Amino acid sequence: MGTALVTGATSGIGEEFCWQLAAARHDLVIVARTQERLEELATRLRQVAAVRVEVLPADLSDPGDVARVARRLSQPGGPAIPDVDRRFAGDVPVREEGGASLEADRGPASALATPAPIGLLVNNAGFGLGRAFLEDDLAAEERALDVMVRAVMVLSHAGARAMRARGHGAILNVGSVAADTGMGTYSAHKAWVRAFTEGLSEELRGTGVTATVVSPGLTRTHFHEAAGMELSSTPGWIWATPDRVVSSALQAVRRGRTQVTPTPLYRATSALTRLAPRSLVRAIVRRVPHT
Ligand SMILES: NC(=O)c1ccc[n+]([C@@H]2O[C@H](COP(=O)([O-])OP(=O)(O)OC[C@H]3O[C@@H](n4cnc5c(N)ncnc54)[C@H](OP(=O)(O)O)[C@@H]3O)[C@@H](O)[C@H]2O)c1
């Protein structure tokens, strides 16, 4: 079974990635800033899903921390898996015909003290700023750029090179339907993620490694509250669940697809946004709270 590294693992979409990957028998390396929440999630994943979990605390706005995570992606050679987890050595393949193999070179149980190569990198960590660009602190804007653009670039570089050398693996980047709108720097970051992933996917063609971007619409997580966005009056049908977003993202990876927008509502919204005159899109976006 392949090991997956998930950033932003402690909440919302990232946590759901962990549970669905663990249910599919993937071991995990989980990354976020808060060590306590990482440890708590790791304990639950080990107990409930019986997979091996490495905890890798990192602030992805910090270049030193990003370099540490990149080193883990480039190895074998990083932090060892605790003894307590060595007993879990299931072997159930999760490959669909023609799609990416998420399997890594998992050795025999006796070799498990060596950190497993990462077969799937999920660049998921991100946050909304909740303020207009000129009203926001420039340092906060720079942190957002570092987490949602710079870290995605650095980790994809390390992950894709290591996977290409092994001849298999997958990169999954979390974008947003906001990439189609002109909603401030958040949209710009997610437009970068989409364009970058498309380019990476082409570059990786024929190597056995794939790159996929998932573009969710509004999804019920901690994201909006953390950004101070007031969306309590939005109707329930507008919201996707993390479960739906993650299952469609992982299905796209297994099929080797480059792009996926989960749920029919947001596929339609995305198509309309691309067809509509930009002046109309901007007029609508003016009425929406800042992301
Ligand atoms: N929810 C939506 O409506 C929606 C829609 C489209 C796209 N997305 C995208 O989906 C992704 C996940 O968002 P979510 O909705 O699941 O939000 P969430 O529930 O707020 O989770 C965000 C995760 O990112 C981590 N994180 C934040 N800043 C970090 C940093 N500097 N370094 C490392 N980790 C960091 C958080 O953990 P710590 O705080 O412990 O670091 C947390 O695990 C983001 O890329 C977001 O842009 C969300």
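Calculation notes
Residues numbered from 1 in each chain as written. Predicted model: local features only at pLDDT ≥ 70, side-chain atom pairs only at ≥ 80, totals over all residues. Heavy atoms only, no water. Helix = DSSP H or I, 4+ residues; strand = E, 2+ residues; numbered from the N terminus. Buried < 20%, exposed > 50% of the residue type's maximum accessible area, 1.4 Å probe, protein only. Contact = heavy atoms within 4.5 Å. Areas by Shrake-Rupley, 256 points an atom, 1.4 Å probe, with all protein chains shown as cover. Phe/Tyr/Trp six-rings, centres within 6.5 Å; stacked < 30°, edge-to-face > 60°. Salt bridge = Lys/Arg side-chain N within 4 Å of Asp/Glu carboxyl O. Pairing = 2+ DSSP bridges. Right-handed = clockwise from strand over helix to strand, strands pointing away. Core = buried A, V, L, I, M, F, W, Y, C linked by side-chain atoms within 4.5 Å.

Draft legend 1. Just the overall build of the protein chain, in detail. Regarding its fold elements, the protein chain presents 9 helices and 7 strands. The buried share among the 291 residues of the protein chain stands at 51%. Summarising the internal contacts of the protein chain: among those between residues at least 6 apart in sequence, 72% fall at separations of at least 24. Within the structure as shown, the protein chain displays about 13300 Å² of accessible surface, and the carbon and sulfur contribution to it stands at 54%.

Draft legend 2. Layout of the packing of aromatic side chains. Counted under the stated rule, the structure contains 2 aromatic pairs. Aromatic pair Trp 192 and Phe 196: ring centres 4.6 Å apart, planes at 10°, arrangement stacked. One end of the pair, Trp 192, and the other, Phe 196, are both in helix 5 (residues 184-203), 4 residues apart, so they sit about a helical turn from each other. Take Trp 192: its relative accessible area is 27%, and that puts it in the partly exposed class.

Draft legend 3. Examining the pattern of salt bridges more closely. Counted under the stated rule, the structure contains 9 salt bridges. In this structure, the salt-bridge partner of Asp 136 is Arg 131, at a minimum N-O distance of 4.0 Å. Looking at Asp 136, the relative accessible area reads 13%, which means it is buried. Accessibility expressed as a relative area gives 47% for Arg 131, which makes it partly exposed. Several salt bridges converge on common partners, so that one network encompasses Glu 15, Glu 40 and Arg 44.

Draft legend 4. Focus on the pairing of strand 1 (residues 3-7). The buried count for strand 1 comes to 5 of 5 residues, which makes it a mostly enclosed element. Going residue by residue along strand 1, you find Thr 3, Leu 5 and Thr 7 tucked away on one face and Ala 4 and Val 6 tucked away on the opposite face as well. As paired elements, strand 1 and strand 2 (residues 27-32) share 5 bridges and run parallel to each other. Bridging from a neighbouring strand, Val 6 pairs with Ile 30 of strand 2. Handedness of the crossover joining strand 1 and strand 2 through helix 1 (residues 12-23): right-handed. Sheet topology note: the strand 1/strand 4 (residues 118-123) ladder contains 4 bridges and is parallel. Bridge pairing in strand 4 places Ala 4 opposite Leu 120.

Draft legend 5. Region of interest: the nonpolar core. Judged by nonpolar contacts, the single largest core of 32 residues is most densely connected at Phe 17, Leu 28, Ile 30, Leu 120 and Leu 172. When contributions to this core are tallied by element, the ones reaching two or more residues are strand 1, helix 1, strand 2, helix 2 (35-49), strand 4, strand 5 (169-174) and helix 7 (242-254). Per-element accounting of this core gives the leading share, 6 residues, to helix 7. Apart from residues lying up to four places away in sequence, Leu 28 is in contact with Thr 3, Ala 4, Val 6, Cys 18, Leu 21, Ala 22, Leu 45, Arg 52, Val 53 and Glu 54. By size, the runner-up hydrophobic cluster in this structure holds 30 residues, among which are Val 29, Leu 60, Leu 121 and Met 148.

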